[in-house]
Amino acid sequence: MGNLTDRDVRLWGLVAAAVIVAEIGLPPALLVPVTMPYAVVVGIGMHAAFTCLKPRQLVTFSGLTIGTYFAFAA
């Protein structure tokens, strides 16, 4: 685990669980007109954060995903 403390590991575990819940909840939220704008904002923010965490590896994936959110909302 390198120099991560037990607290860091628990925190990243919670972050990972929150991302999984968001990834499960976003597609249905995109289908409901009332929640669609919020789901688009959350999805764009989440994938932009992914790019900030690992820019080289995820720039293409996150860029394409963010583009689909804009296309879905149009």
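Because the structure is a prediction, the values reported are computed rather than measured.

Asks: I'm lost on the overall build of the protein in this one. Help?
Replies: When you go through the protein residue by residue, the secondary structure sums to 3 helices and 0 strands. For 74 residues, the compact-globule formula gives about 11 Å, and the C-alpha radius of gyration of the protein, at 14 Å, lies well above that figure. With the C-alpha coordinates of the protein rotated into their principal frame, the extents come out at 45 × 25 × 15 Å. By sequence separation, contacts in the protein at least 24 residues apart represent 43% of the contacts at least 6 residues apart. Element-wise, carbon and sulfur atoms account for 75% of the exposed surface of the protein, whose accessible area totals about 5500 Å².

Asks: What's the story with the packing of helix α1 (residues 6-31) against helix α2 (residues 36-53) in this structure? I'm lost.
Replies: Think of two packed helices as two axes; the pair is described by the angle between the axes and how far apart they sit. One can describe the packing of α1 onto α2 by two numbers: an axis separation of 10 Å at closest approach and a directional angle of 140°. Classified by the angle between their axes, α1 and α2 sit oblique to one another. As α1 runs across α2, the sense of the crossing is left-handed. Residue-level contacts link Trp12, Val19, Ala22, Glu23, Leu26, Ala29 and Leu30 of α1 to Met36, Ala39, Val40, Val42, Gly43, Met46, His47, Phe50 and Leu53 of α2. Of the residues contributing to the contact of α1 with α2, the split by class is 13 nonpolar, 2 polar and 1 charged.

Definitions and limits used
- Starting afresh in each chain, residues are numbered from 1 along the sequence in its written order.
- In keeping with the model being predicted, local features are shown solely for residues with a pLDDT of at least 70 and side-chain atom pairs are shown and tallied solely at 80 or more, while totals for entire chains, interfaces and linings include all residues.
- Excluding hydrogens and water, the side-chain values take into account all heavy atoms of the structure.
- Going along the chain from the N terminus, every DSSP run of H or I of four or more residues is numbered as a helix, and every run of E of two or more is numbered as a strand.
- Within these notes, the globule rule equals 2.2 Å times the number of residues to the 0.38 power, and the radius of gyration is based on C-alpha atoms.
- Should any heavy atoms of two residues lie within 4.5 Å, those residues are counted as being in contact.
- Only the protein chains shown count as cover for residues, with accessible areas throughout obtained via the Shrake-Rupley method and a probe of 1.4 Å.
- Angles run from 0 to 180 degrees between N-to-C directions of axes, and those axes are lines fitted to C-alpha atoms, restricted for helices to the stretch in contact.
- Here the angle decides the label: under 35 degrees means roughly parallel, over 145 means roughly antiparallel, 65 to 115 means roughly perpendicular, and every other value means oblique.
- Crossings are classed by handedness, with left-handed meaning an anticlockwise turn of the near helix from the far one by less than a right angle and right-handed meaning a clockwise turn.
- Residue type decides the class: Asp, Glu, Lys and Arg count as charged, Ala, Val, Leu, Ile, Met, Phe, Trp, Tyr, Cys and Pro as nonpolar, and the leftover types, Gly among them, as polar.

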